[in-house]
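Structural overview for review
Here are the chains, one letter per residue:
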Amino acid sequence: MVGRRAFVLGGALLAGGCFDKPWYEQNAQQKKFLDDLKDLSKPALASNNPLQIEEAAKKTVALAGKVGAFAGWQGVLKAIDGTGQKVAITVEIGPQVSLYAFNDWTLAITGVMADQVASLFSTRSRETPPPGLSDGAIAALKTFRLGERVTLDGRMGAIAGSGLFDLSTLLGKSDADHRQFLQAPRFVARIEALSASKKS
């Protein structure tokens, strides 16, 4: 009887373990995007060929542009910059892959190539703020801790018709830039909704 009980318990634990997925693989669309990114970057980086790496970086940006709307993606809130309605956030959506959203042109360059793109955004600072975060997403941000798991809805690629380009297209002036981007891609997104993730 004890042996049978141990067998059943062991089988249940084994079966339960088979269905455990990393948090970033729980949403089918998110998992496919991350898998496709890996399929592009891994062989290019392994080749050590700067031409392959450059091509993979370009394809990675194009891949992100095709995602469009997404819902129920899982992430970890890594950074919040700015104050009030002028805010920028970084959300890690997979190993070394993150989304970046901002509501102020000056925050667009926080932590990324400030010297190279400062002049590009200086004229934008007087324009309508980029629609990187909805009012609801900003309100939700006030309730989170850094490092907390979140569920997010939003859009990648052209953000709400604003003509906002993906900052990642600015990377790629050198082989080192392409490599860095493939190793830790960061994509501009519009975040419509944020909520605390239900950990499974």
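As shown above, the structure is provided for reference.
The sections below set out a description of the structure shown in this document. Worth saying up front: this structure is predicted, and the values here are computed from it rather than measured.

Analysis parameters
- Residues numbered from 1 in each chain as written.
- Predicted model: local features only at pLDDT ≥ 70, side-chain atom pairs only at ≥ 80, totals over all residues.
- Heavy atoms only, no water.
- Helix = DSSP H or I, 4+ residues; strand = E, 2+ residues; numbered from the N terminus.
- Buried < 20%, exposed > 50% of the residue type's maximum accessible area, 1.4 Å probe, protein only.
- Contact = heavy atoms within 4.5 Å.
- Areas by Shrake-Rupley, 256 points an atom, 1.4 Å probe, with all protein chains shown as cover.
- Pairing = 2+ DSSP bridges.
- Expected span 1.5 Å × (residues − 1).
- Arc of directions from axis to C-beta.
- Polar contact = N/O pair within 3.5 Å; in protein donor to acceptor, adjacent residues only side chain to side chain.
- Axes fitted to C-alpha atoms, helices over the stretch in contact; angles between N-to-C directions.

1. Thoughts on the overall build of the chain
- For the chain, the count of helices and strands is six helices and five strands.
- The helix and strand sequence of the chain, counted from the amino end, reads α-α-α-β-β-β-α-α-β-α-β.
- Residues classed as buried in the chain amount to 40% of the 200 residues present.
- A fraction of 72% describes how many contacts in the chain between residues 6 or more apart in sequence connect residues 24 or more apart.
- Carbon and sulfur atoms make up 57% of the accessible area of the chain, which totals about 11000 Å².

2. Details of the pairing of strand E2 (residues 86-94)
- With respect to burial, E2 is a largely interior element, eight of its nine residues being buried.
- With seven bridges joining them, strand E1 (residues 69-83) and E2 adopt antiparallel strand pairing. The residue bridging Ala-79 from the neighbouring strand is Thr-90, located in E2.
- Here E1 folds back onto E2, and the loop between the two strands holds two residues, one of which, Gly-84, carries a positive phi near 55°.
- Bridge count between E2 and strand E3 (residues 97-102): six bridges; the pairing is antiparallel.

3. Considerations on unusual backbone geometry
- Of note in the backbone geometry, Asn-48 takes a positive phi value of approximately 60° without being a glycine.
- Inspection of the secondary structure assignment puts Asn-48 in the loop between helix H2 (28-47) and helix H3 (50-67).
- Backbone geometry at Gln-96 places phi at a positive 65°, although glycine is not the residue there.

4. Comments concerning the pairing of strand E5 (residues 186-196)
- By the bridge criterion, three bridges tie E3 to E5 in an arrangement that is parallel. Looking across to E5, one finds that Tyr-100 is bridged to Val-188.
- In the sheet, strand E4 (residues 149-156) pairs with E5 via seven bridges, with the strands oriented antiparallel. In the strand pairing of E5, Asp-153 is matched with Ala-193.

5. Description of H2
- With 20 residues, H2 should reach 28 Å at 1.5 Å per residue; the first-to-last C-alpha distance of 29 Å fits that figure.
- Looking at H2, one finds that the buried residues are Gln-30, Phe-33, Leu-34, Leu-37, Ser-41 and Ala-44. Considered in projection along H2, the buried side chains sweep an arc of 115° and stay on one side of the axis. Of the exposed residues in H2, those oriented more than 90 degrees away from the buried face are Ala-28, Lys-32, Asp-39, Lys-42 and Ala-46.
- Here H2 starts with a cap whose side-chain oxygen sits 3.0 Å from the backbone nitrogen of Gln-29, and that cap is Asn-27.

6. Topic: the environment of Gly-154
- By secondary structure assignment, the location of Gly-154 is in strand E4.
- Residues in contact with Gly-154, not counting those within four places in the same chain, are Gly-68, Ala-69, Phe-70, Arg-190, Ile-191 and Glu-192.

7. Notes on the sheet that holds E1
- The five strands lie next to each other as E1-E2-E3-E5-E4, forming a closed barrel whose pairing is mixed. Between one strand axis and the next, the sheet turns through 55° on average, direction left out of account.
- Against the sheet, H2 makes contact with E1, E2, E3, E4 and E5, and its axis sits at roughly 75° relative to E1, the strand it touches most.

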